[in-house]
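Listed here are the chains, written in short residue letters.
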Amino acid sequence: MTDGIDIAADSAARFARFDLSRVPSPCFVVDAAQVERNCTILADVAARSGAHVFLALKAFAMPALAPVIMRHLAGTAASGLHEARLGRERFAGHVATFNAGFKADELREVLKISDHVIFNSPGQRARFGGIVDEARAAGGRAEIGLRINPEHSEGWNPKYDPAGPCSRLGTPVSQIRPADLEGLDGLHMHTLCEQGFEPLARTWAAVEPKIAGWLAGMRWLNLGGGHHITRPDYDRDGLVALVRRIRDRHGVEVYLEPGEAVVLQSAILVGEVLDLTENGVPLAISDISATCHMPDVIEAPYRPELLGELPEGEGREIRVGGPSCLAGDVIGSFRPAVPWKVGDRFAFLDQAHYSIVKTNTFNGVPLPALAVWDSRTDDLSVVRQFGYDDFAMRLG
Ligand SMILES: Cc1ncc(COP(=O)(O)O)c(C=O)c1O
């Protein structure tokens, strides 16, 4: 257990021992030991509560880590056909697939390889009823669910709040009619983002009275992701008690599909200083691009932590940006422990989730390599390097 441990500080201390010149630059380096530690916590929650925990592939989907993750978790949560295939072919266990808008041909494939298929609206479900029937007649075993919008918002960032005003994700519970529920095996809701247990408890308190009657005829309830279960301050006992209560009271299996929590504090993105200039402030051009390699820095937005950064007031602040021509390709301003020289290596912390899966080759910027390191043994393997072909292939 990592109770009481500051996992951010722990991660910084582990990666401080890693020699950044051991990998090509740029490169994501994932610590298998930390992934395993997170998964152990999730497995403990699963064992104590009876919940089934799936990795949300949208957050992190490196097959090289599948053997570690699948030792502990029950399966994967996919956002469509491609992730469902990855879950089935490269990971293991259950595949639960939600898509906000299925296409008929994709759905036929999704139904073959998923254990659960979750529709976003009764309209999609009704329109594709024939395809579901065909899949079942052919021996398919996929169960069918509907994503609900509990109409209770705990979102702190409107961009990541599927329960916010005018959301297209999930069917508002106030719109659901009895006919919409016929033949459903389960309900799904996902409304949280990087949150503790209390927002989930409040959401459940708000929605339970509305859906209790519906669950009576169903087999499962999927509580989505956004649960920061592996953070030391997460109330895991509260979650365990809630899941047990839901299972006992409603007679359903409970699924959780965290993404971030599986890989929190488990990877760095290593970069190199390409040039140092000044324009009102000290500037560095690096081979890490915010827009290509860590787009959430701009989209969310957020400021990543620099490994070994000095505290406010110490050292000299330098504004760091990528090699692309986008003026806004700026990662942030940082205080390196030692003034940078051209050719120096550096790293940003906590880069496993929503970075590797979101990289792109805008401007022809090279994709970072992928490496797996084990901080317990110091074993390192560079699992993939990318080149011109990866850029050109996607352009036709
Ligand atoms: C339906 C669904 N499930 C699971 C997740 C995973 O969330 P997180 O990585 O925040 O745990 C998301 C994230 O957007 C989601 O939309």
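Every value quoted in this text rests on a predicted model; they were computed, and no experiment measured them. (Residues numbered from 1 in each chain as written. Predicted model: local features only at pLDDT ≥ 70, side-chain atom pairs only at ≥ 80, totals over all residues. Heavy atoms only, no water.)

What follows is about the environment of Arg125. Examined against the element boundaries, Arg125 turns out to sit in helix α6 (residues 122–127). On a C-alpha basis, the gap between Arg125 and Phe15 in space is 47 Å, while along the polypeptide they are 110 residues apart. With residues up to four places along the chain from it excluded, the contact list for Arg125 reads Phe119, Ile144, Asp180, Glu182, Gly183 and Leu184. (Helix = DSSP H or I, 4+ residues; strand = E, 2+ residues; numbered from the N terminus. Contact = heavy atoms within 4.5 Å.)

In this structure, Leu65 sits in the loop between β2 (52–56) and α3 (66–69). Note: C-alpha distance between Leu65 and Glu182 (117 residues apart in sequence) is 39 Å. Contact partners of Leu65, with chain neighbours within four places excluded, come to Val30, Ala32, Val35, Phe60 and Val372.

Side chains Pro282, Ala284 and Ser286 of strand β12 (residues 282–286) all project onto a buried face; the interleaved residues Leu283 and Ile285 project onto a face where none is buried. Bridge count for strand β11 (residues 267–278) against β12 is five bridges, and the pairing is antiparallel. Looking across to β12, one finds that Asp275 is bridged to Ile285. Hairpin connection between β11 and β12: a loop of three residues separates the two successive antiparallel strands, and Gly280 in this loop has a positive phi of roughly 80°. Two strands pair when backbone bridges link them, and β12 and strand β13 (residues 318–321) are joined in this way by three bridges, in the parallel orientation. Residue pairing across strands places Ala284 opposite Val320, the latter belonging to β13. (Buried < 20%, exposed > 50% of the residue type's maximum accessible area, 1.4 Å probe, protein only. Pairing = 2+ DSSP bridges.)

Here the focus is the domain arrangement of the protein. What the domain assignment lists for the protein is domain 1 (32–263) and domain 2 (267–393). Look at where the C-alpha atoms of domain 1 and domain 2 centre, and you get two points 32 Å apart. Between domain 1 and domain 2, the contact holds 16 residues from the first and 17 residues from the second. Both sides together, the interface formed by domain 1 and domain 2 hides about 1300 Å², and carbon and sulfur atoms give 58% of it. The salt bridge involving Arg376 is made with Glu36; its shortest N-O contact spans 3.4 Å. Inspection of the region where domain 1 meets domain 2 yields five residue pairs in polar contact (both at pLDDT 80 or more). Elements supplying a minimum of two residues to the side of domain 1 that touches domain 2: α2 (32–49) and α11 (260–263). The element best represented in the side of domain 1 that touches domain 2 is α2, accounting for three residues. The residue inventory of the side of domain 1 that touches domain 2, partitioned by class, reads 11 nonpolar, one polar and four charged. (Domains from an automatic or database assignment. Buried area = accessible area lost by both parts, 1.4 Å probe. Salt bridge = Lys/Arg side-chain N within 4 Å of Asp/Glu carboxyl O. Polar contact = N/O pair within 3.5 Å; in protein donor to acceptor, adjacent residues only side chain to side chain. Nonpolar A, V, L, I, M, F, W, Y, C, P; charged D, E, K, R; others polar.)

Moving on, we get to the nonpolar core. Leu65, Ile69 and Leu187 are the most contacted members of the largest nonpolar core, which has 89 residues in total. Counting residues domain by domain, this core receives three or more from each of domain 1 (32–263) and domain 2 (267–393). Core analysis: the next-biggest nonpolar cluster, separate from the first, contains 14 residues, Val29, Leu307, Ala347 and Trp373 among them. (Core = buried A, V, L, I, M, F, W, Y, C linked by side-chain atoms within 4.5 Å.)

A word on the packing of aromatic side chains. Counted according to the given criterion, the structure contains nine aromatic pairs. Pairing Phe54 with Tyr255 gives two aromatic rings, centres 5.2 Å apart and planes at 25°, and the pair type is stacked. Pair noted here: Phe54 is in strand β2 and Tyr255 is in strand β10 (residues 253–256), with a separation of 201 residues, a long-range link. Comparing Phe54 with Tyr255 shows no difference in burial state: the two are buried. (Phe/Tyr/Trp six-rings, centres within 6.5 Å; stacked < 30°, edge-to-face > 60°.)

Turning next to the pairing of strand β4 (residues 94–98). The element β4 is largely enclosed, with a buried count of four among its five residues. Pairing between strand β3 (residues 75–78) and β4: four bridges, direction parallel. Looking at the pairing, Thr76 lines up with Val95 of β4. Of the crossover connections in this fold, the one passing from β3 over helix α4 (residues 81–90) to the parallel β4 is right-handed. In terms of strand pairing, β4 meets strand β5 (residues 116–119) through three bridges, oriented parallel. Directly across from Thr97, in β5, lies its bridge partner Val117. Note that the unit made of β4, helix α5 (residues 104–113) and β5 has a crossover that is right-handed. (Right-handed = clockwise from strand over helix to strand, strands pointing away.)

In a regular helix each residue adds 1.5 Å, so 15 residues correspond to 21 Å; helix α10 (residues 236–250) covers 21 Å between its end C-alpha atoms and thus fits that length. Burial in α10 covers these residues: Arg236, Gly238, Leu239, Val240, Leu242, Val243, Ile246 and His250. Looking at the residues trailing α10, positive phi occurs at Gly251, about 65°. (Expected span 1.5 Å × (residues − 1).)

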